[in-house]
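Residues per chain, in single letters:
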Amino acid sequence: MNKLNIIYHPDYDIPVPPKHRFVGTKFSDLFFYLQSQTYFSKCKVTQPQKATKEKLLRAHSLNYINKIYEENLSDNELRKINLPWSRQLQHRSFLAIEGTYQAAKLALNYGIACHVGGGTHHAHHEYGFGFCIFNDLAYTALNLIEEGYTKSVLILDADVHQGDGTIDICQNHPSIYTCSIHSESNFPFKKKQGWLDISIPAGSNDDYYLSQISQTLKEIDSRISPDIVLYDAGIDIFKEDGLGNLNISQKGIIQRDQIILENFKNKRIPIATVIGGGYSIDLHELAARHSIVFKVALEMI
């Protein structure tokens, strides 16, 4: 029986204050939710090791990496990240970035793999930003190419927020294609210009959003055929998400993931998924929403 490779580490959770917008337990909440589902017997779990400085230097500056190692961020740098600093946050950051890389390597071997984490697309080359310490998507793309696993990578980011940090890090790498499909009027408010950017008006519904997804895939297919896709399956497009401003139903999220995963499966292009953004005070609902891409991925194996 074919199994879906998923990557997870029990040290992904981080301590945050009770009323903080970021849910510090979302990773274990999601993993335990997946374990409770009948389809979990079809999943194979792998734990990542910590990222090395050599690999991190391909995506981030030495000065910034050393500040994380030495826990020496300024108050202003911490404000940009907007997470309370802790030794666990530091530890998790080195693990989670490597988790996406491991997912990508498994996807190259098996066609698809899913990370119970990742999508830290606001982290820039020189600094962290918007709940993100290191940028797992840029890190993974750069290391896959540098180590000879692939020649080209598409980073397809469907989080409600633009992947500005990913664009910043990858913009001078002609074989990394950044495509961000995001709300035109949500964070970050100063947008970057990537390879392909699709701005969705606030309040857009399923029909409009899914038509834009399909149209974007057609444009991608007409222009490139990447060796692998890194897919940020952010669920903050949901109409009731705490930090979203689109009007997308849960069914719309399911359809989005089906359209995207089927598109690349049909072209035999490997795809690695990350969970991206999702915000709610209802932890069970949030875990169930994050689980959608895993269930859809199981339909593809």
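Residues numbered from 1 in each chain as written. Predicted model: local features only at pLDDT ≥ 70, side-chain atom pairs only at ≥ 80, totals over all residues. Heavy atoms only, no water.

Visitor: Got a minute to help me understand the packing of aromatic side chains in this structure?
Guide: The geometry of an aromatic ring pair is captured by the separation of the ring centres together with the interplanar angle, meaning the angle of the planes. Going through the model one piece at a time under the given rule, you end up with 16 aromatic pairs. The interplanar angle of 40 degrees and the centroid separation of 5.0 Å between the aromatic rings of phenylalanine 129 and phenylalanine 187 together place this pair among those described as tilted. Of this pair, phenylalanine 129 sits in the loop between strand E3 (112-115) and helix H6 (136-146) while phenylalanine 187 sits in the loop between strand E5 (176-183) and strand E6 (196-200), and the two are 58 residues apart along the sequence. For phenylalanine 187, a relative accessible area of 25% gives the class partly exposed. It is lysine 26 that lies over the ring of tyrosine 279; its NZ or CZ is 5.5 Å from the centre. For the cation-ring pair, lysine 80 lies above tyrosine 127, with the distance from its terminal atom to the ring centre recorded as 4.2 Å. (Phe/Tyr/Trp six-rings, centres within 6.5 Å; stacked < 30°, edge-to-face > 60°. Helix = DSSP H or I, 4+ residues; strand = E, 2+ residues; numbered from the N terminus. Buried < 20%, exposed > 50% of the residue type's maximum accessible area, 1.4 Å probe, protein only. Lys NZ or Arg CZ within 6 Å of the ring centre and 35° of its normal.)

Visitor: Explain helix H10 (residues 283-290) to me, please; I cannot follow it from the model alone.
Guide: Quick reminder: α-helices carry 3.6 residues per turn. Residues three or four places apart thus point the same way. Residues of H10 that are buried include every one of Leu286, Ala287, Ala288, Arg289 and His290, and no others. Here the buried face of H10 lies against helix H1 (26-35), helix H9 (250-266) and helix H11 (292-298). A side-chain oxygen of the first residue of H10 lies 3.3 Å from the backbone nitrogen of histidine 284; this N-cap is aspartate 282. (Contact = heavy atoms within 4.5 Å. Polar contact = N/O pair within 3.5 Å; in protein donor to acceptor, adjacent residues only side chain to side chain.)

Visitor: How do you make sense of the pattern of salt bridges when you look at a structure like this?
Guide: Side chains that carry opposite charge are capable of pairing whenever their charged atoms lie near each other. The full count for this structure, using the stated rule, is ten salt bridges. Arginine 256 serves as the salt-bridge partner of aspartate 257, at 3.1 Å between the closest nitrogen and oxygen. There is no split in this pair, since aspartate 257 and arginine 256 are both buried. Here arginine 289 and glutamate 285 are joined by a salt bridge, their closest N and O atoms 2.7 Å apart. Here the residue arginine 289 and the residue glutamate 285 both occupy positions in helix H10, the gap between them amounting to four residues, near one helical turn. You can call arginine 289 buried: its relative accessible area is 0%. Through salt bridges with shared partners, one network takes in Glu54, Arg58 and Glu147. (Salt bridge = Lys/Arg side-chain N within 4 Å of Asp/Glu carboxyl O.)

Visitor: Looking at this model, I keep getting lost on empty space enclosed by the protein. Mind explaining?
Guide: Empty space left among the atoms is revealed by rolling a probe the size of a water molecule over them. Scanning the entire structure with this criterion turns up two cavities of 30 Å³ or more. Here the largest cavity defines a volume of roughly 90 Å³. Considering the residues around the largest cavity, the lining is formed by Arg92, Ser93, Ala96, Ile97, Gly118, Thr120, Phe131, Cys132, Ile133, Phe134 and Asp136. At four residues, the largest contribution of residues to the lining of the largest cavity is made by helix H5 (residues 87-110). Taken together, the residues of the lining of the largest cavity sort by class into six nonpolar, three polar and two charged. By volume, the second largest cavity amounts to about 40 Å³. Lining the second largest cavity, in full, are Ile155, Asp157, Gly163, Thr166, Ile167, Thr178, Cys179 and Ser180. Elements that contribute at least two residues to the lining of the second largest cavity include exactly strand E4 (153-157), helix H7 (164-170) and E5. Here the lining of the second largest cavity takes three residues from E5, the largest share from any one element. For the lining of the second largest cavity, the residue count by class is three nonpolar, four polar and one charged. (1 Å grid on protein atoms, 1.4 Å probe; cavity = no way out; pocket = protein on both sides within 12 Å on 5 of 7 lines; lining within 4 Å. Points joined across faces, edges and corners; volume = space filled by probe spheres on them. Nonpolar A, V, L, I, M, F, W, Y, C, P; charged D, E, K, R; others polar.)

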